[in-house]
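Chain by chain, the residues run as shown.
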Amino acid sequence: MPSLAIIGAQWGDEGKGKITDYLDEKADMIVRFQGGNNAGHTIKVDDKVFKLHGLPSGVVRPGKLAVIGNGVVVNLEELEEEIKQVKEAGGSIDGLRVSDRAHLIMGYHKKLDGAEEKYRGKNVVGTTKKGIGPTYQDKIARIGFRAGDLLEDDLLKDKISFILPYKKDLMDMMGAEKCSCTTESLYDKMMGWRELIGDRICDTSVLINDALDEGKNILFEGAQGAMLDVDHGTYPYVTSSATCGGGVCTGAGIAPNRLNKVVGIVKAYTTRVGEGPFVSELSGEQELELQKKGGEFGVTTGRGRRCGWLDLVVCEHATRLCGFTSIGITKLDVLNDIPELPVCVAYEIDGEEVKHFPASIAKLNRAKPVYQNFKGWKGWKDTAAMVKGGYDNLPGEMREYVEFMEKYLKVPADILSLGPDRDETIDRCGRWWN
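In this report, the structure presented in the accompanying data block is examined. (Residues numbered from 1 in each chain as written. Predicted model: local features only at pLDDT ≥ 70, side-chain atom pairs only at ≥ 80, totals over all residues. Heavy atoms only, no water.)

### Observations concerning the sheet that holds strand β16 (residues 352-354)
Test applied: In this analysis, strands are considered paired if DSSP registers two or more bridges between them. Secondary structure counts use DSSP, requiring at least four H or I residues in a row for a helix and at least two E residues in a row for a strand, with both numbered from the N terminus. Axes here refer to lines fitted to C-alpha atoms; in helices the fit is confined to the stretch in contact. Angles between the N-to-C directions go from 0 to 180 degrees.
Taken in spatial order, the three strands make up an open sheet running β16-β15-β17, and their pairing is antiparallel. Unpaired on one side and paired on the other, β16 and β17 (368-375) mark the two borders of the sheet. Taken pair by pair, the neighbouring strands of this sheet meet at an average axis angle of 45 degrees, ignoring direction. By the bridge criterion, three bridges tie strand β15 (residues 340-349) to β16 in an arrangement that is antiparallel.

Printed below as a string of structure tokens:
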């Protein structure tokens, strides 16, 4: 029952989509297990670029099952647009399956998301205003719509008649944008959603576990990153789902002993979007240069990402929580031709050196990075030749940088990404599905 999970080791945007696309060639099924369309994955296949938010990255691979698990919240209006994008590029969604337990993002969730952020005033979280948080709130409050509800007319009508008036009252109280829909119009809209995906809704936990029993290769695709986990991230500047290793089990409906390998994706430097502490953050020209060189603009929001040097205190936190069996390092090429590369190896907080990521936002705001400096490396003209030459052909300074990360995190760096394309990747493992 070979299975492999891919999880971001920072605040998201690590390049998980590319690594997922690289590793899923031999996967029979790709499963999204948490998050929603607040996550953005960019995948480049030949001359085609796919910008996906709700669909699993593996949907661009023909002949694969692409599963949206029960831990995901689904915006069916945006999913419809992504399906069109894939079809227009010559792809197919024949393999798409949606958990009957996955919760649905409604229009009022997005309105409430914006209203709640405005209500916070100076204490904004930096939400994408996609309705993710309010949808998970309804899930926990036990008043959410699930994909399986679309298949049951009487249940759906009853839920709409109860939930919609309640949400309208809440929106009035919060000063949210008015909702013009009626119980009848909302029912009609949801019937359209049934037309879109009704034949793809099923118990995906059974589907996944049956595939594991049959010895098929299953790849679990995380969204965001470990530092945005609702329990273990920089709370309250986090997402609303479990982004760490345990989220694979609860969000896909599998037992812990069914997960074989967990690959943590580490960007060679650090970025984050939105509010919250960021100890190794740069400013001024240094940040702008790294932002521009790395193309650090959000797939979902379009916002420029905050940029800083590699923070291994963050990555150690993620490694411990997620149980990484190896890491994949992305965007190493972005650091080409930078003379010196500081790496954060600890924090100095109130005169004390701290090596484990603290829960306290106040402490993090007072923290200063403790850096170890590494000599940078020269860039190259021919990436294909660099990849063909393998790890030993890389600049010695880059190998020193990589090997320090391995030593610090105590896991091997099995994948190195030298560019956005599939073939701009050095695979030091090779045996992912054994």
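### Some words on the sheet that holds strand β9 (residues 201-202)
Sheet strands pair by backbone hydrogen bonding; their relative direction is either parallel or antiparallel. Spatially, the ten strands line up as an open sheet ordered β9-β7-β5-β2-β10-β1-β11-β14-β18-β19, and their pairing is mixed. The open sheet terminates on both sides in strands that have one partner only, identified here as β9 and β19 (425-427). Alignment of strand β1 (residues 3-8) against strand β11 (residues 261-267), held across five bridges, turns out to be parallel. By the bridge assignment, I6 is partnered in β11 with V263.

### Observations concerning the packing of aromatic side chains
Note the cut-off: Aromatic rings from Phe, Tyr and Trp, taking only the six-membered ring of Trp, are treated as a pair when their centres fall within 6.5 Å; an angle between ring planes under 30 degrees marks them as stacked, one over 60 as edge-to-face, and anything in between as tilted. The buried label goes to any residue with under 20% of its type's maximum accessible area, the exposed label to any with over 50%, and the partly exposed label to all in between, with areas taken from a 1.4 Å probe on protein chains only.
The final tally for this structure, using the stated rule, is six aromatic pairs. Seen in terms of ring centroids, Y347 and F357 are 6.1 Å apart; in terms of plane orientation they differ by 70 degrees. Their pairing is edge-to-face. With Y347 in strand β15 and F357 in the loop between β16 and α11 (361-366), this pair connects stretches of sequence that are ten residues apart. Both residues of the pair, Y347 and F357, belong to the buried class. When the ring of F374 is compared with that of F404, the centres are 4.8 Å apart and the planes differ by 55 degrees; the resulting orientation is tilted. On the criterion of sequence distance, the pair formed by F374 in strand β17 and F404 in helix α13 (residues 396-409) is long-range, its members being 30 residues apart.

### Regarding the pattern of salt bridges
For clarity, the cut-off: Here, a salt bridge means any Lys or Arg side-chain nitrogen found within 4 Å of an Asp or Glu carboxyl oxygen.
Across all of its chains, the model carries 22 salt bridges by this definition. The shortest N-O distance in the salt bridge between D21 and R422 comes to 2.4 Å. Of this pair, D21 sits in helix α1 (residues 16-23) while R422 is found in the loop between β18 (413-417) and β19, placing the two residues 401 residues apart along the sequence. You can call D21 buried: its relative accessible area is 2%. For the salt bridge of R428 with E406, the shortest nitrogen-to-oxygen distance reads 3.2 Å. Taken together, the residues span a long stretch of sequence, with R428 in the segment after β19 and E406 in helix α13 at a distance of 22 residues. A single network of salt bridges, built from pairs that share partners, joins D13, K267, E296, R305 and K331.

### With respect to the packing of helix α3 (residues 107-119) against helix α5 (residues 153-174)
Each pair of packed helices can be summarised by the angle the axes make with each other and by the distance between the axes. Just so we agree on the cut-off: When an angle is under 35 degrees it counts as roughly parallel; over 145 it counts as roughly antiparallel; between 65 and 115 it counts as roughly perpendicular; any other value is oblique. By definition, any crossing whose near helix is turned counterclockwise from its far helix by less than a right angle is left-handed, and any crossing with a clockwise turn is right-handed. Contacts are residue-level and defined by heavy atoms, with any inter-residue pair within 4.5 Å sufficient.
Viewed as axis vectors pointing N to C, α3 and α5 meet at an angle of 25 degrees, and their least axial separation amounts to 10 Å. By the angle class used here, α3 and α5 are roughly parallel. Considering the relative orientation of α3 and α5, their crossing is left-handed. Contacts between α3 and α5 involve Y108, K111, L112, A115, E116 and Y119 on the former and, on the latter, I163, L164, K167, L170, M171 and M174.

### A closer look at helix α7 (residues 204-213)
Selection rule: To obtain the arc, one takes the directions from the helix axis to the C-beta atoms.
Every buried residue belonging to α7 is among T204, I208, N209, A211 and L212, and all of these are buried. Along α7, the residues classed as buried sweep out an arc of 155 degrees about the axis, all on the same side. Immediately beyond the C-terminal end of α7, within one or two residues, lies G215, with a positive phi of roughly 80 degrees.

### A look at the pairing of strand β2 (residues 29-32)
Of the two faces of β2, the one holding M29 and V31 and the one holding I30 and R32 are both buried throughout. As paired elements, β2 and strand β5 (residues 65-68) share four bridges and run parallel to each other. Looking across to β5, one finds that R32 is bridged to I68. By the bridge criterion, four bridges tie β2 to strand β10 (residues 218-221) in an arrangement that is parallel. Considered in β10, the bridge of R32 is made with E221.

### Examining empty space enclosed by the protein
So the rule is basically this: Using only the protein atoms, space was sampled on a 1 Å grid; points where a 1.4 Å probe fits but cannot get out form cavities, open sets with protein on both sides within 12 Å along at least five of seven lines form pockets, and lining residues are those with an atom within 4 Å of a point. Grid points are joined across faces, edges and corners, and a volume is the space filled by probe spheres set on the points. Under the scheme applied here, ten amino acids are nonpolar (Ala, Val, Leu, Ile, Met, Phe, Trp, Tyr, Cys and Pro), four are charged (Asp, Glu, Lys and Arg), and all others, including Gly, are polar.
Counted according to the given criterion, the structure contains one cavity of 30 Å³ or more. Quantified by volume, the largest cavity comes out at close to 70 Å³. Around the largest cavity sit G36, N37, G54, I68, V72, V73, V74, N75, E78, L79 and E82, which together line it. When contributions to the lining of the largest cavity are tallied by element, the ones reaching two or more residues are β6 (73-74) and α2 (76-88). The greatest single-element share of the lining of the largest cavity, amounting to three residues, is contributed by α2. A breakdown of the residues in the lining of the largest cavity according to their chemical character gives five nonpolar, four polar and two charged.

### What to know about α13
The test is simple: A helix is expected to span 1.5 Å multiplied by its residue count minus one.
Across its 14 residues, α13 extends 20 Å between first and last C-alpha, which sits within 8% of the 20 Å expected from 1.5 Å per residue. Among all positions in α13, only M398, Y401, V402, F404, M405, E406 and L409 are buried. In the core, the buried residues of α13 are packed alongside β11, α10 (312-322), β14 (326-330), β15, β17 and β18. Where α13 ends, the next residue or the one after it, K410, has phi of about 65 degrees, a positive value.

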